[in-house]
Amino acid sequence: MQAASTTMTAGVRPLAAAAAGALVLCLGVHTTLTIGAVFQLVPVALLLLSPVRTMRDMPAPPPRTALPSAREGSS
């Protein structure tokens, strides 16, 4: 999972750099940095508004359904 996350993050960096460069050309450095700061606050706001903040115990895992073994289905 960590490798997939790192690959996706590294793959998006050139696109993010190009988007930031385009924003700097259109809006200026100060406005672009402000937009970037707001985007950094979005995950924090989502976490604070989610039910994770009020959880005190780990939720129980969903019940496992009984599946027939591979040998039962091969007759």
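Attention in this report is confined to the structure presented alongside it. Residue numbering note: each chain is counted from 1, following its sequence as written. Totals for whole chains, interfaces and linings use all residues, but because this is a predicted model, local features are given only for residues with pLDDT of at least 70 and pairs of side-chain atoms are given and counted only at 80 or more. The side-chain figures draw on all heavy atoms in the structure; neither hydrogens nor water molecules are used.

### Quick notes on the overall build of the protein chain
Labels follow the DSSP assignment, with helices taken as runs of H or I lasting at least four residues and strands as runs of E lasting at least two, numbered in each case from the N terminus. Check the secondary structure of the protein chain and you find two helices and zero strands. Partly exposed describes any residue whose relative accessible area lies between the buried limit of under 20% and the exposed limit of over 50%, with all areas from a 1.4 Å probe on protein chains only and scaled to the type maximum. Taking all 75 residues of the protein chain together, the buried fraction comes to 1%.

### Observations concerning the packing of helix H1 (residues 2-27) against helix H2 (residues 29-49)
Lines are fitted to the C-alpha atoms to define the axes, a helix being fitted only along its stretch in contact, and any angle between axes, read from their N-to-C directions, falls within 0 to 180 degrees. The interhelical angle for the contact between H1 and H2, taken along N-to-C directions, is 135°, at an axis separation of 7 Å. Classified by the angle between their axes, H1 and H2 sit oblique to one another. As for how H1 packs across H2, the hand of that crossing is right-handed. Counted together, Ala-20, Leu-23, Val-24 and Leu-27 of H1 and Val-29, Thr-31, Thr-32 and Ile-35 of H2 form the full contact between these two elements. For this classification, under 35 degrees means roughly parallel, over 145 means roughly antiparallel, 65 to 115 means roughly perpendicular, and everything else is oblique. The hand of a helix crossing depends on one turn: near helix anticlockwise from the far one by less than a right angle means left-handed, and clockwise means right-handed. In this analysis, two residues are considered to be in contact whenever any of their non-hydrogen atoms come within 4.5 Å of each other.

### Structural notes on H2
Compared with an ideal rise of 1.5 Å per residue, which puts 21 residues at 30 Å, H2 spans 30 Å between its outermost C-alpha atoms and is within 8% of the ideal. By definition, a residue's bend is the angle between the axes fitted to the seven residues ending there and the seven starting there. Maximal helix bending in H2 amounts to about 25°, located at Val-42; proline Pro-43 follows within four positions. Residue count minus one, scaled by 1.5 Å, sets the expected span of a helix.

### Points about H1
Over its 26 residues, H1 extends 35 Å from the first C-alpha to the last, a length consistent with the 38 Å expected when each residue adds 1.5 Å. At Arg-13, H1 shows its strongest bend, of approximately 35°, with the proline Pro-14 following within four residues. Phi turns positive one or two residues past the end of H1, at Gly-28, with a value near 100°.

Bear in mind that shape data such as this cannot, by itself, settle questions of function.
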